[in-house]
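Architecture and fold: a report
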Amino acid sequence: MSAIIAKTPPMGWNSWDCFGTSVTEAEVIANTDYMAAHLKPYGWEYIIVDIQWYEPDAESSHYRPFVPLEMDEYGRLLPSVKRFPSAAEGKGFKPLADYVHSQGLKFGMHIMRGIPRQAVHSDTQVLGSAVTARKIAHTNSICPWNTDMYGVNPNKPGAQEYYNSLFNLYAEWGVDFIKVDDIAQSKLYGYHKGEVELVHKAIGQCGRDIVLSLSPGPAPVEEGDHLRKHANMWRMTDDYWDDWKDLIVMFDKCHSWAPYVGLGHWPDADMLPLGHLAIRSRERNAGNRLTRFTKDEQRTMMTLWCMFRSPLMFGGHMPDNDEWTLSLLTNEEVLRILSHSYWNRQLFRDGDRVAWTAKDEGGDVYLALFNLGSEEISVSVDLDLLELTGSMELRDLWEQKYLPAVIGRVEAVVPSHGCVLYKLSQ
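In this report, the structure presented in the accompanying data block is examined. Treat the numbers as computed from the prediction; the structure is a model and nothing was measured. (Residues numbered from 1 in each chain as written. Predicted model: local features only at pLDDT ≥ 70, side-chain atom pairs only at ≥ 80, totals over all residues. Heavy atoms only, no water.)

Focus: helix H2 (residues 25-39)
- A rise of 1.5 Å per residue sets the reference length of H2, with its 15 residues, at 21 Å; its end C-alpha atoms lie 20 Å apart and thus fit the reference within 8%.
- By the burial criterion, the buried members of H2 are Glu-25, Glu-27, Val-28, Asn-31, Thr-32, Tyr-34, Met-35, Ala-36 and Leu-39. (Helix = DSSP H or I, 4+ residues; strand = E, 2+ residues; numbered from the N terminus. Expected span 1.5 Å × (residues − 1). Buried < 20%, exposed > 50% of the residue type's maximum accessible area, 1.4 Å probe, protein only.)

So, the sheet that holds strand S16 (residues 365-371)
- Strands sit in the order S14-S15-S16-S21-S18-S19 across an open sheet of six strands; the sheet is antiparallel. Each edge of the open sheet carries a strand with a single partner, namely strand S14 (341-350) and strand S19 (401-407). Direction aside, the axes of adjacent strands within the sheet are offset by 25 degrees on average.
- In this structure, strand S18 (residues 391-396) lies alongside strand S21 (residues 419-425), joined through four bridges in antiparallel fashion. When the sheet's bridge partners are listed, Asp-396 is paired in S21 with Tyr-422.
- The strands touched by helix H9 (residues 244-257) within the sheet are S14, strand S15 (353-360) and S16, with S14 carrying the most contacts at an inclination of about 115 degrees.
- Along the sheet face, helix H10 (residues 295-308) touches S14, S15, S16 and S21 and points at about 140 degrees away from the line of S16. (Pairing = 2+ DSSP bridges. Axes fitted to C-alpha atoms, helices over the stretch in contact; angles between N-to-C directions. Contact = heavy atoms within 4.5 Å.)

Quick notes on the pattern of salt bridges
- Counting across every chain of the model gives 26 salt bridges.
- Between Asp-50 and Lys-179 there is a salt bridge, with its nearest N and O atoms 2.9 Å apart. In this pair, Asp-50 sits in the loop between strand S2 (46-49) and helix H3 (94-102) while Lys-179 sits in strand S7 (residues 177-181), placing the two residues 129 residues apart along the sequence. One exposure class covers both Asp-50 and Lys-179, and it is buried.
- We note a salt bridge from Arg-289 to Asp-242, for which the minimum N-O separation is 2.7 Å. Of the two residues, Arg-289 sits in strand S12 (residues 289-290) while Asp-242 sits in the loop between strand S9 (233-235) and H9, which places them 47 residues apart along the sequence. Taken individually, Arg-289 and Asp-242 each receive the classification buried, so the pair is uniform in this respect.
- Through salt bridges with shared partners, a single ionic network connects Glu-55, Asp-57, Arg-64 and Lys-82. (Salt bridge = Lys/Arg side-chain N within 4 Å of Asp/Glu carboxyl O.)

Shown next, in the form of structure tokens:
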């Protein structure tokens, strides 16, 4: 395996925001084809199947409790052939991953922390171990919102072998990205440090580079050092949706987590709820819709995510993207901040006025000015705060145009809930 994976924040598509638990193989392929045709040249590369791909009759963002799941004799969940026909005859996700790879992209999937309750009740053998599922299950460690799994007791013989067997299977399938849920923060038990370490070791022995993403949030900041040692991404927030109040909260979260952003480890501000959402979702009583964010709010979100260097995971059904949505995802000058910047930080927050800055590897300086209020306001920054002197060339990255050079100060009129994003050069 490579010494470092996820050298820049991962960029991709995740099925949850539009299909909940119920995405099908045909829908994954449609989004794969769109990404390959329209987004791959801009750095987008991951196609991720979210939760309950092993539940034959999953239908929305709600979970059906205690239903039969598709599983092999070793307690490892398998894709539902009803929803993923290519998984027939024990092929698992390999045919779908092969298709994604054939388009020059990478394949990812979601799993829940632990071992299936179904495996524990059947007492299946743990592959590579003399123990069975009941011996390693922590039956009091359950997810409060999903009934599929029991936790695994990391102190039990066979616990590591169980996780090894999972990731060896995923490596055989050609998986490039794993999102592990109910592990970064549990409403009942907090941060599952022991199982994070089991997963980390399992990836290390499987022989394949696999990006590890931990959910949900908010992950505890006090575990930041442990998280960046054992994972490539971890959620800073619970599920994030297209609600302005949620976006305001992310400014403080990004500020708190900025010290932990770095090569191979990326605090995750969660998915981008843009485009056509909730096709089969009941989230917040608002299904099958276009994003509720205004265009200014969409730019604010994209700017904050890039200035902070959060992973970018698009949530909408990509084949339905309009020109505006596509333009947000293909602005090379904005996306360069994600992959080529450093010293990313909040410069100040003064009421509704917020400024973030970063430096480019090529020597330029980025400056984002945000207005979190309900009225248009002026936001200004003295250039000495950015350690800049003399006349500076000013480029508006969203509008993709040069503005008059500035000396001493940058000032902009910023719309309500909006932002401006500049690059300053000598």
